[in-house]
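Descriptive structure summary
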Amino acid sequence: MPNTDLNRRQFFKIATAEENMKNSKETTLYSDFNAGKVSRREFIVMAAALGIVAQAPLFLGAAHAGTTSSEEYDYVVIGAGSAGCAIAARLSEDVSNKVLVLEAGPADTNDFIHIPATFPLLFKTPLDWNYRSEPQTALNGGTLYMPRGKVFGGCSSINAMIYQRGHASTYDTWGETNPGWSYADLLPLFKKSETNSRGASKAHGGDGPLSVTDLNDPNPITLAMVKASKEAGYTMNDDFNDGDQEGIGMFQVTQKDGHRASAAVSYLHPAIDSGRLTAQAEAMVLNIIVKDGRATGVKILVDGKEHIVKARKEIILSGGSINSPQILMMSGIGPKDHLKEHGISVVKDLPGVGQNLQDHYMMPVVYNCTKPISLSQAGTKEQAALFAKGKGLLTSNIGEAGGFMKINPKSVAPDLQFHFVPGYFILDGAGNPTDGTDAFTILPSLVQSKVKGSVTLASADPMAKPLINPNIFQNEEDYDVLIAGVKIARKIIAASALDELRGKEYLPGPTVQTDADLKTYINKYIQTIYHPVGTCKMGSDDMAVVDHELRVHGIDGLRVADASIMPTIVNANTNAPSIMIGEKCAELIRSA
């Protein structure tokens with residue numbers, strides 16, 4: 001009769017030895033990966049061969065640049081922003097595609113990214129490119145702060161999460177000269193990208209990657225501002241994206257369970273977790289390599305060392321409206337005289353690169369609040385506990401409500417937008433009082449300016465920030481829209497729904513009444529809404545940079561896909577349109 005105890009002891013001894021060996025190999029594998037000796041793709045294959053359940057970290061840092069660049073990819077996507085995340089994730093759905101995403105910033109591990117109300121705390125940090133405009137004539141030499149996300153998710157990791165598509169007429173104008181870009185053409189892509197908490201409909205999607213939802217816990221101040229708008233005689237609107245944009249109402253947001261749903265969370269993370277693509281963080285793109293008229297690789301700088309990443313099929317530039325034109329010009333693609341001025345060899349003369357810059361602008365109308373319920377009270381333990389349940393002040397996207405109106409009767413689409421904030425929002429938040437007092441803000445917002453600016457190189461140094469000149473207020477009619485907006489905001493705030501919350505007017509202040517005084521006030525407190533577009537515009541005219549399939553004119557194997565390709569700016573928040581552009585680019589590539 002067999003000695004069962006002896007057999008059992010021998011079995012466990014052997015099993016333990018095998019487990020220890022497996023653990024040792026697993027430890028070595030992780031050590032090799034963290035040292036950059038093993039690529040993420042190799043890590044996944046080797047882990048599977050060892051029979052261990054192991055997952056490589058979410059992102060590849062500086063140590064991994066060598067192994068990343070040693071491999072060749074089918075598609076290289078420059079920029080893990082709103083469009084770039086969508087493109088990379090969609091291309092990686094075909095498992096035969098080897099896809100790499102390059103991001104200058106780190107992975108989106110900072111808690112303030114995922115807590116909606118704390119996004120202003122990310123401004124002017126290492127997660128922000130922290131751009132500032134050139135001195136503006138209309139502002140008496142003043143400059144405009146222009147935050148841009150330098151992190152997985154790009155600006156979708158540091159924005160106010162407002163889900164807006166813009167008026168259909170803008171897209172229809174694009175479609176007149178760019179086949180496939182009318183609103184009817186693009187609506188299926190908007191729907192494909194979203195899962196709307198209200199369910200699928202003719203206007204909305206029900207099973208896309210991006211979570212679009214009503215706020216979990218709207219602030220009572222915001223609800224009162226919306227009610228006051230109705231009392232003041234303004235039309236209500238419960239969906240700004242169903243074809244009827246005018247009116248006032250609550251905004252839908254890109255959140256899930258009270259947390260931010262960025263493009264990284266929605267698109268990039270699932271694709272990385274599945275092992276379908278590689279994302280290299282902390283990789284500064286120096287230039288795109290073009291040989292015999294074809295883009296073949298990307299030169300990156302990581303931890304002081306240069307590497308070259310090769311692309312077999314295409315390179316997709318999704319750096320955004322500031323970085324995309326800068327990278328093109330650093331690669332010799334742009335206005336030839338400007339390139340020669342900086343000693344850059346001309347690869348392709350495209351005079352429109354960096355031109356056609358457009359943006360939105362807003363300024364605050366602020367009143368003190370008589371009850372301690374504003375966002376000034378968000379930093380308590382009680383609010384932290386509520387946030388853990390997906391509730392409370394920390395789930396606020398700050399711009400919780402608002403709407404659209406036409407000031408110029410000749411406008412096809414609204415030219416004035418409002419953002420309602422249940423707290424202070426002055427000069428990007430940097431002008432907010434820090435004394436703990438309560439307030440609420442209405443931000444009249446200019447969304448149909450016809451002024452165009454530029455992005456140009458400061459030097460041939462790719463690390464130097466470009467020169468950004470938005471040419472703000474070169475059209476005097478833009479003041480008229482904002483002055484009208486201040487008067488409307490005051491009218492709304494005077495309504496009875498705010499009687500129990502309305503304190504004294506903090507800004508502009510009760511003495512600022514004439515149009516001339518309001519103009520002076522606007523010049524002092526104006527800011528961007530962080531929506532730069534248009535600097536690599538789509539089209540077939542002499543100033544176009546890409547064609548209707550987003551291919552760079554005169555360069556094979558290179559596309560641009562981000563807000564920079566917009567010929568004209570949409571009249572609303574630009575994150576959802578940027579994601580749609582990413583979806584469109586992926587579709588164009590797959591159908592090529």
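Below is a summary of the structure that appears in this document.

Calculation rules
- Residues numbered from 1 in each chain as written.
- Predicted model: local features only at pLDDT ≥ 70, side-chain atom pairs only at ≥ 80, totals over all residues.
- Heavy atoms only, no water.
- Salt bridge = Lys/Arg side-chain N within 4 Å of Asp/Glu carboxyl O.
- Helix = DSSP H or I, 4+ residues; strand = E, 2+ residues; numbered from the N terminus.
- Buried < 20%, exposed > 50% of the residue type's maximum accessible area, 1.4 Å probe, protein only.
- Axes fitted to C-alpha atoms, helices over the stretch in contact; angles between N-to-C directions.
- Left-handed = near helix turned anticlockwise from the far one by under 90°.
- Contact = heavy atoms within 4.5 Å.
- Nonpolar A, V, L, I, M, F, W, Y, C, P; charged D, E, K, R; others polar.
- Pairing = 2+ DSSP bridges.

A few words now on the pattern of salt bridges. Evaluated as defined, the whole model comprises 17 salt bridges. One salt bridge in this structure joins Arg-165 and Glu-194, with 2.6 Å as the shortest N-O distance. Of this pair, Arg-165 sits in the loop between strand S4 (145-146) and helix H6 (168-177) while Glu-194 sits in strand S5 (residues 194-196), and the two are 29 residues apart along the sequence. Given a relative accessible area of 0%, Arg-165 falls into the buried group. With its nearest N and O atoms 3.9 Å apart, the salt bridge here joins Glu-246 to Lys-406. Placement of Glu-246 in the loop between helix H8 (220-231) and strand S7 (247-250) and of Lys-406 in the loop between strand S19 (401-405) and strand S20 (416-421) is noted, with a sequence separation of 160 residues between them. Under the relative-accessibility criterion, Glu-246 is labelled partly exposed at 35%. One network of salt bridges, in which partners are shared, links Glu-72, Asp-74 and Arg-312.

Moving on to the packing of helix H4 (residues 82-92) against helix H15 (residues 575-591). Close contact between H4 and H15 brings their axes to 7 Å; oriented N to C, the two are set at 30°. The chirality of how H4 crosses H15 is right-handed. From H4, Ser-82, Ala-83, Ala-86, Ile-87, Arg-90 and Leu-91 reach across to H15, where they touch Asn-575, Ser-578, Ile-579, Gly-582, Glu-583, Cys-585, Ala-586, Ile-589 and Arg-590. Across the contact of H4 with H15, the residue classes break down as eight nonpolar, four polar and three charged.

It is worth spelling out the environment of Thr-296 at this point. Relative to the helices and strands, Thr-296 resides in strand S12 (residues 294-302). On the accessibility criterion, Thr-296 (25% relative accessible area) is partly exposed. Each C-alpha atom, one on Thr-296 and one on Arg-312, is 7.0 Å from the other, the two residues being 16 residues apart in sequence. Apart from the residues lying within four places of it in its own chain, the contact partners of Thr-296 are Ile-289, Lys-291, Val-309, Lys-310, Ala-311 and Ile-315.

Here we come to the sheet that holds strand S23 (residues 467-469). Spatially, the three strands line up as an open sheet ordered S16-S22-S23, and their pairing is antiparallel. Either end of the sheet is taken by a strand with one partner, and the two such strands are strand S16 (355-357) and S23. Pairs of neighbouring strands in the sheet enclose a mean axial angle of 30°, with direction left out of account. Contacting strand S22 (453-456) and S23, helix H10 (residues 320-330) runs over the sheet at an angle of about 50° to S22.

In this fold, Ser-578 is placed in helix H15. Residue class for Ser-578 comes out buried when judged on its relative accessible area of 9%. Contact partners of Ser-578, with chain neighbours within four places excluded, come to Ser-82, Ala-83 and Ala-563.

Turning next to unusual backbone geometry. The peptide bond linking Leu-507 to Pro-508 adopts the cis configuration, its omega dihedral lying at 0°. Secondary-structure assignment places Pro-508 in the loop between strand S24 (502-507) and helix H14 (515-525). Even without being a glycine, Asp-257 presents a positive backbone phi close to 55°. Here Asp-257 falls in the exposed class, since its relative accessible area comes to 55%. One non-glycine residue, Asn-356, lies in positive phi territory at about 70°. On the secondary structure map, Asn-356 appears in strand S16.

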